[in-house]
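Observations on the model geometry
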Amino acid sequence: MGQTYDRILENSTFDPPENWLQIKTIDMHTGGEPLRIIVGGFPELKGNNVLEYRRYCKEHYDELRTALMFEPRGHADMYGCILLPPNDEEGDFGIIFLHNEGYSTMCGHAIIAISTLAVQMGWVDEKQGITELKIDAPCGRIYAYVEMEGKEVKGVRFHCVPSFVVGLDRKVAVKGLGEVTYDLAYGGAFYAYVDLRKNKLELELDSNSYQDLISKGMDIKQAVMEQDHEILHPFEGDLSFLYGTIFIDGSETSGVDSRNVCIFAEGEVDRCPTGSGVSGRMAIHWARNEIKLGQTMVIESITGSTFIGSVVKEVDYGPFTAVIPQVEGTAHITGMHTFVLDPKDPMKKGFILR
C-alpha cells in the first residue's frame, strides 16, 4: 500500500486546537423530519425556566443556532434542540427547539425522538411496558410515554398541552391566490389550517410541489398575520405568534385518514405529519364534532410517514374550551457528531441557500 494511505489508516482522528469550540450532537429523525440533539459543548444558558433559557439563548448564542442549523453543517430544513433542567423537581428535563428562523414553542417530532433517546441512553429509569417522561417545553409540560418491548422502543405517544380553536372557516385574501378559507388553532404553536378540499388551490401535497408549497404556504402565513389579530396565547406573550401554514388533503393510502404538509418558520417543510400540528387538528375535529374521546385518526406526511392522533379529554383553558391531544409516532438515530467552530472560518455562523 502507499505510504500516505497507510498513514490514513493509522490516524483518522482530528484533534482541534484548544480555541476551537466543539459541540457534540446525536442526530435522529421522526418520520423523516431531522432532529439534531445537542448533548455537549454548548455554552451554559442562564435562567430559571425553559422560557428564560430560550430568551437567553436567543440574546447571547443565536450564532450557534445558525452554525448548527444552517449550511455547511445543516441545511434550510434542519431542526434541533437543547436539553436543559426542568422547570421544577417533578420534571425530568427541559427542552428548547431550534430551526432556520429561531426558536419554536412546541415540537411533537422532537418530543417523540428525545423520549426514544432518553430510554436508549439510560437517562431515565427504564420500565417494562411503559416509561413515562415529564418534559418542560416552552409551551408547557409535555407527558410522553415510551412503549417498550423487552429492551426495544416500539413507539412513543405524548399528551400535548391544552390545544384549542381560535376560529373556524375564516377568510383571508392572499395575493395571487384570491380568498382562502382557513381554521386558526393552537396545538403548542399557532397554525393556519388550509383544507385543499374547501379551497380552489391547485396544489398536490407531495414532493413534486415542494417549492410551490413553500411559496403558497408562506404567502398564506403572511396574509393571516397581517389580518388576524387574535393570535394571542391566553397566558404567555412569548407564545403569541403564527408558526406556520398546514395544508390538508385526502389520502389514497389505505388506513390513512388524511395528509398534512406543514410550512413553518422561514419556509421549512416538515417531513413528518407535525406533532403540534396534529394536536391542533385534534382540537379542530373536536370542535366540529368529527372525533370522539379515544377515537384515532391516522395522518400522513409529505414523505408518507404517519402519526396517530386522538383526544384524551376536554379541558377549560382560559377563555377556550380545549382538548388534551395524544400523538403517536416512532423515531430513529441517524448518527453522532462532533462539530467544530474554527474562529478564523469566515462562514462559521452558517448560511442558507434554497
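Note that the coordinates shown come from a computational prediction; the quantities given were computed from them, not determined experimentally.

Thoughts on the nonpolar core
In terms of nonpolar packing, the biggest core is built from 91 residues, with Phe97, Ile142, Phe158 and Phe247 touching the most fellow members. Top contributing element to this core by residue count: helix α4 (residues 108-120), with eight residues. One finds Tyr53, Tyr56, Met69 and Phe70 within the second-largest nonpolar core, a separate group that totals 21 residues.

So, a nonpolar patch on the surface
A contiguous nonpolar surface patch, about 310 Å² in accessible area, is contributed by Tyr5, Ile8 and Leu9. With respect to the element layout, Leu9 can be found in helix α1 (residues 3-10). On the basis of relative accessible area, Leu9 is assigned to the exposed category, the value being 52%.

Regarding the pattern of salt bridges
Counting across every chain of the model gives 15 salt bridges. Across the pair Arg259 and Glu300 runs a salt bridge, and its minimum N-O distance is 3.2 Å. In this pair, Arg259 is assigned in strand β12 (residues 258-264) and Glu300 in strand β14 (residues 297-300), connecting sequence segments 41 residues apart. Side by side, Arg259 and Glu300 carry an identical accessibility label, which is buried. Salt bridges here are not isolated pairs; linked through shared partners, they connect Asp169, Asp183, Lys198 and Arg288.

Topic: α4
Taking 1.5 Å per residue, 13 residues should reach 18 Å; α4 reaches 19 Å between its end C-alpha atoms and fits that length. The element α4 is largely enclosed, with a buried count of 12 among its 13 residues. Residues of α4 that are buried include every one of Gly108, His109, Ala110, Ile111, Ile112, Ala113, Ile114, Ser115, Thr116, Leu117, Ala118 and Val119, and no others. Positive phi appears at Gly122, one or two residues downstream of α4, with a value of about 75°.

Looking at the side chain of His159
Its location among the elements puts His159 in strand β7 (residues 152-159). Given the relative accessible area of 15%, His159 is considered buried. Separated by 2.8 Å, the side chains of His159 and Gln326 make a polar contact. If sequence neighbours within four positions are ignored, His159 has contacts with Ile142, Tyr143, Tyr145, Val312, Ile324, Pro325 and Gln326.

What to know about the packing of aromatic side chains
Per the stated rule, a full pass over the model turns up 14 aromatic pairs. Between Tyr186 and Phe190, the ring centres sit 4.8 Å apart and the planes meet at 55°, which makes this aromatic pair tilted. Residues Tyr186 and Phe190 agree in their burial class; the two are buried. Ring geometry for Phe241 and Tyr243: centres 6.5 Å apart, planes at 90°, overall edge-to-face. Given the relative accessible area of 30%, Phe241 is considered partly exposed. Taking relative accessible area as the criterion, Tyr243 reaches 4% and is therefore assigned buried. Among the aromatic residues, those joined into a ring-pair cluster are Tyr79, Tyr191, Tyr193, Phe241, Tyr243 and Phe264.

Side note on the environment of Arg354
On the secondary structure map, Arg354 appears in the segment after β17 (331-341). Along the chain, Arg354 and Thr321 lie 33 residues apart, while their C-alpha atoms are 40 Å from each other. Discounting chain neighbours no more than four positions away, the residues touching Arg354 are Ala76, Asp77, Asn100, Tyr210, Gln211, Ile214, Glu266, Gly267 and Glu268.

Thoughts on the side chain of Thr245
By secondary structure assignment, the location of Thr245 is in strand β11 (residues 242-249). Residue class for Thr245 comes out buried when judged on its relative accessible area of 0%. In this structure the side chain of Thr245 is engaged in a polar contact, spanning 3.4 Å, whose partner is the backbone nitrogen of Lys221. Leave out the neighbours within four places in its chain, and Thr245 touches Ala192, Val194, Gly217, Ile220, Lys221, Val261, Cys262 and Ile263.

Focus on the environment of Val194
Within the fold, Val194 resides in strand β10 (residues 190-195). With relative accessibility at 0%, the residue Val194 sits in the buried group. Between the C-alpha atom of Val194 and that of Gly217, which follows or precedes it by 23 residues, the distance is 9.2 Å. Apart from the residues within four sequence positions on either side, Val194 is in contact with Val180, Thr181, Tyr182, Asn199, Leu201, Ile220, Thr245, Ile246, Phe247 and Ile248.

Scoring rules and cut-offs
- Residues numbered from 1 in each chain as written.
- Predicted model: local features only at pLDDT ≥ 70, side-chain atom pairs only at ≥ 80, totals over all residues.
- Heavy atoms only, no water.
- Core = buried A, V, L, I, M, F, W, Y, C linked by side-chain atoms within 4.5 Å.
- Buried < 20%, exposed > 50% of the residue type's maximum accessible area, 1.4 Å probe, protein only.
- Helix = DSSP H or I, 4+ residues; strand = E, 2+ residues; numbered from the N terminus.
- Patch = residues over 30% accessible without salt bridge, like charges linked within 9 Å, V, L, I, M, F, W, Y side chains within 5 Å.
- Areas by Shrake-Rupley, 256 points an atom, 1.4 Å probe, with all protein chains shown as cover.
- Salt bridge = Lys/Arg side-chain N within 4 Å of Asp/Glu carboxyl O.
- Expected span 1.5 Å × (residues − 1).
- Polar contact = N/O pair within 3.5 Å; in protein donor to acceptor, adjacent residues only side chain to side chain.
- Contact = heavy atoms within 4.5 Å.
- Phe/Tyr/Trp six-rings, centres within 6.5 Å; stacked < 30°, edge-to-face > 60°.

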